[in-house]
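Chain and residue survey
The residues making up each chain are set out below.
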Amino acid sequence: MTGRPPPIVVAHQVTKRFNSVRALNGVSLSIDPGMVQCIIGPSGSGKSTFLRCLNQIEKIDGGAILIDGELIGYRQVGNALRALSDAEIARQRLATGMVFQRFNLFHHMTALENIIEGPVTVLRRPRREAIAEAMDLLARVGLTDKRDSYPIEMSGGQQQRVAIARALAMRPRIMLFDEPTSALDPELVGEVLAVMRDLARSGMTMIVVTHELGFAREVAQDVVFMDRGEIVEQGPPSQVLLNPQHGRTREFISAVLT
Amino acid sequence: MTGQPAARPVSAELERLVGLSIVPRRHYGRWVAAAIILLLFAWVVKAFAEGQIAWKVVGQFLTAPAILNGLVNTVIMTACAMALGIVLGVLFAIMYMSPNPVLRGSALFYIWFFRGTPLLLQLLLWFNLALVFPRIGIPGLIEFRTIDVITPFVATLLGLGMNQGAYTAEVVRSGILSVEVGQTEAAKSIGMTRLTTLRRIILPQAMRVIIPPVGNEFISMVKLTSIASVIQYSEILRNAQTIYYANARVIELLIVAAIWYLAVVTLLQIGQFFLERYFSRGRGERRARHKASPGNGAGGQP
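This one's a predicted model, so the numbers in the text were calculated from it and none came from an experiment.

Right, let's get into the packing of helix α5 (residues 156-168) of chain A against helix α6 (residues 186-201) of chain A. Residue and element names in this part refer to chain A. One way to put it is that α5 packs onto α6 with a least axis distance of 8 Å and a crossing angle of 20°. One way to sum up the angle between α5 and α6 is to call them roughly parallel. Taken as a pair, α5 and α6 cross one another with a handedness that is right-handed. For the pair α5 and α6, contact is made by Gly156, Gly157, Gln158, Gln160, Arg161, Ile164 and Leu168 and by Leu188, Glu191, Val192, Val195, Met196 and Leu199, respectively. A per-class count over the contact of α5 with α6 returns 7 nonpolar, 4 polar and 2 charged.

Moving on, we get to the pairing of strand β2 (residues 142-145) of chain B. Residue and element names in this part refer to chain B. Looking at chain direction, strand β1 (residues 135-138) and β2 are connected through 4 bridges and run antiparallel. For Arg135, the partnering residue across the bridge sits in β2 and is Arg145. Hairpin connection between β1 and β2: a loop of 3 residues separates the two successive antiparallel strands, and Gly140 in this loop has a positive phi of roughly 80°.

For the rest of this paragraph, the subject is the layout of surface pockets. By volume, the largest pocket amounts to about 920 Å³. What lines the largest pocket is a set of 31 residues, among which Met97, Pro99, Thr184, Lys188 and Arg194 of chain B lie closest to the centre. Residue assignment for the lining of the largest pocket shows that the elements contributing at least two residues are α2 (86-93) of chain A together with α5 (65-96), α10 (152-177), α11 (181-189) and α12 (194-224) of chain B. Taken together, the residues of the lining of the largest pocket break down into 16 nonpolar, 6 polar and 9 charged. One number sums up the size of the second largest pocket: a volume of about 270 Å³. As for the second largest pocket, its lining consists of 16 residues, and the residues nearest its centre are Ile86, Ile211, Val214, Gly215 and Leu275 of chain B. Put simply, the parts of the chain that give the lining of the second largest pocket at least two residues each are α5, α10, α12 and α14 (250-279) of chain B.

On to the nonpolar core, then. It is characteristic of soluble globular proteins that their nonpolar side chains tend to be buried jointly. One finds Val9, Phe50, Leu54, Ile65 and Ile207 of chain A to be the most contacted residues of the largest nonpolar core, which totals 55 residues. The greatest single-element share of this core, amounting to 7 residues, is contributed by α12 of chain B. Setting aside anything within four residues of it in sequence, one finds Phe50 of chain A in contact with Ala11, Leu24, Val27, Leu29 and Ile39 of chain A. With 51 residues, the next largest nonpolar core counts Leu137, Leu143, Val162 and Ala163 of chain A among its residues.

Turning our attention to empty space enclosed by the protein. Think of a ball as big as a water molecule: rolled over the atoms, this probe shows where empty space is left. Residues and elements named next belong to chain A. The tally for this structure, following the rule as stated, stands at 4 cavities of 30 Å³ or more. The computed volume of the largest cavity comes to approximately 100 Å³. Every residue lining the largest cavity is listed: Cys53, Gln56, Glu58, Lys59, Ile60, Ile65, Ile72, Gly73, Tyr74 and Ile89.

Residue and element names in this part refer to chain B. Chain-level statistics for chain B give a pLDDT mean of 87 and a share of 91% at 70 or above. A low-confidence stretch, residues 285-302 (pLDDT under 50), is modelled with 24 contacts involving residues beyond four sequence positions or located in other chains. Listed scores for the predicted complex are pTM 0.81 and ipTM 0.93.

The rules behind these values
- Within each chain, residues carry numbers counting from 1 in the order of the written sequence.
- Both sets of labels track the order of writing: A upward for chains, 1 upward for ligands.
- Only residues with pLDDT of 70 or above have their local features reported here, since the model is predicted, and side-chain atom pairs are shown and tallied only from 80 upward, although totals for entire chains, interfaces and linings are computed over all residues.
- No hydrogens and no water enter the side-chain calculation; it runs on all heavy atoms of the structure.
- Angles here are taken between N-to-C directions and fall from 0 to 180 degrees, while the axes themselves are lines fitted to C-alpha atoms, restricted in helices to the stretch in contact.
- Counting from the N terminus, the helices are DSSP H or I runs at least four residues long and the strands are E runs at least two residues long.
- Orientation categories follow fixed angle ranges, with anything under 35 degrees roughly parallel, anything over 145 roughly antiparallel, 65 to 115 roughly perpendicular, and all other angles oblique.
- In this scheme the handedness of a crossing depends on how the near helix is turned from the far one: anticlockwise by less than a right angle means left-handed, clockwise means right-handed.
- Here a residue-residue contact requires only that any non-hydrogen atoms of the pair lie within 4.5 Å.
- Three residue categories are used. Nonpolar comprises Ala, Val, Leu, Ile, Met, Phe, Trp, Tyr, Cys and Pro, charged comprises Asp, Glu, Lys and Arg, and polar comprises the others, including Gly.
- In this analysis, strands are considered paired if DSSP registers two or more bridges between them.
- Two kinds of site are reported from a 1 Å grid over the protein atoms alone, namely cavities, where a 1.4 Å probe fits but cannot get out, and pockets, open sets with protein on both sides within 12 Å along at least five of seven lines, and residues are called lining when an atom falls within 4 Å of a point.
- Grid points are joined across faces, edges and corners, and a volume is the space filled by probe spheres set on the points.
- Nonpolar core, defined: a set of buried Ala, Val, Leu, Ile, Met, Phe, Trp, Tyr and Cys residues in which side-chain atoms within 4.5 Å join the residues together.
- When a residue's accessible area, from a 1.4 Å probe over protein chains only, is under 20% of the maximum for its type it is buried; when over 50% it is exposed; and in between it is partly exposed.
- Per-residue confidence from the predictor is given as pLDDT, running between 0 and 100.

Right under this line is the structure:
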């Protein structure tokens, strides 16, 4: 044994079906704390589904996922796995923060209200304290002057930065990013990636589903290429992105770059 | 541009056109229509002023104790029946969308029955409940004579409220469906339970869709309370009738009732306006106002 800490996320032989379509077909992946893991692949490859399984927005059909050593979604009772209650699943979700492709800010709340909603309603923290922390987070994503703006009054890039702040306000151990820049106008991608880069530098464990190969090459320690519900290739970015071993990976990367 | 050189020779002509004054188009048709409507209106006003209506009697009974008492009963019944209807509506809308077939089935049955039978019939059923169950209560624990429990007030409340609930359930359901799935997913991702998500995220956004039809039904309810007169609930119309049976001032008392109905409905409409504005926050309609208002922190638009 080396002095390496135990992995913070372990997925073992995860399968997920949507009716007859196999979205995930025995996906195994383990992620160390503080690491930035990028997942790339064509649309329909199961990469977003995998991410959504990690925070139980989707339920897995087979295999197991451990987060911080804890089995998610089920509890072992004798020889059976018993599904957890709504409240227990909600508690488990606190370990992960999620950033969505379409931002999904709460439309009826201002930027500040979006950020303090979780801390105040879910964690029952004093409002004043939550606001102070939310203002720090807004400063961190460079949107202090947007505190009272509704989502509709902000650009896509601004909304996504507020969404990142909203997820961080829950103090998650792991941040999940589901194609965070895919719905943005090209000139707004940079501001979101800058916030994510900053977050990676701070030592946050991040799992990022993305098409931004430049970001992956620069920030990720490990890149996974998925296709048809399976992990095809995995390794450091210098290998997977610059010198891919598999034909399907090569095809995908050249298609994205052109 | 090819147009430039061609335009040059007519520049003197253009100069002359620019100097002319502009006369708006005359809408003769609209003027005629407006004149006809004004004439008809004047004729109706004159007819009513000269007709067999004792306006003094109208004024006299407008604030008669029996009328005001009926007005209070009408308002109380409207508020109670709508409150019951909305509570039942939300409950049954959620049951309708449950994956559990029993919950879903009972919601379907409720909506089917109470939407499918006439309100008047339902009122009479509730009022005559004693014919079916002479005594009600929890057997061996507490019991009442049905006839003591089901007063005209209770029968009307149950009849109007249960009926309203069936309609409101569908309105609430459409409101909930109008909120995107992404909102639920985001709520889950910050650790909200299903109930908290519904209360904090889904319902406040559904309200934007729910309020206009419910406002409409609120106004209907004010007037629907009048049918409770058949089971002796003393709302305003019944009290007006009681008075005109005695003094034969039929039209005068009907006008008194009409004036009060219009007054209540007008107040409700004003209330609806403010509610709609509140629940459309963050949805564009309020955007202009929000930006214009001075002193809110949103100042620095880039």
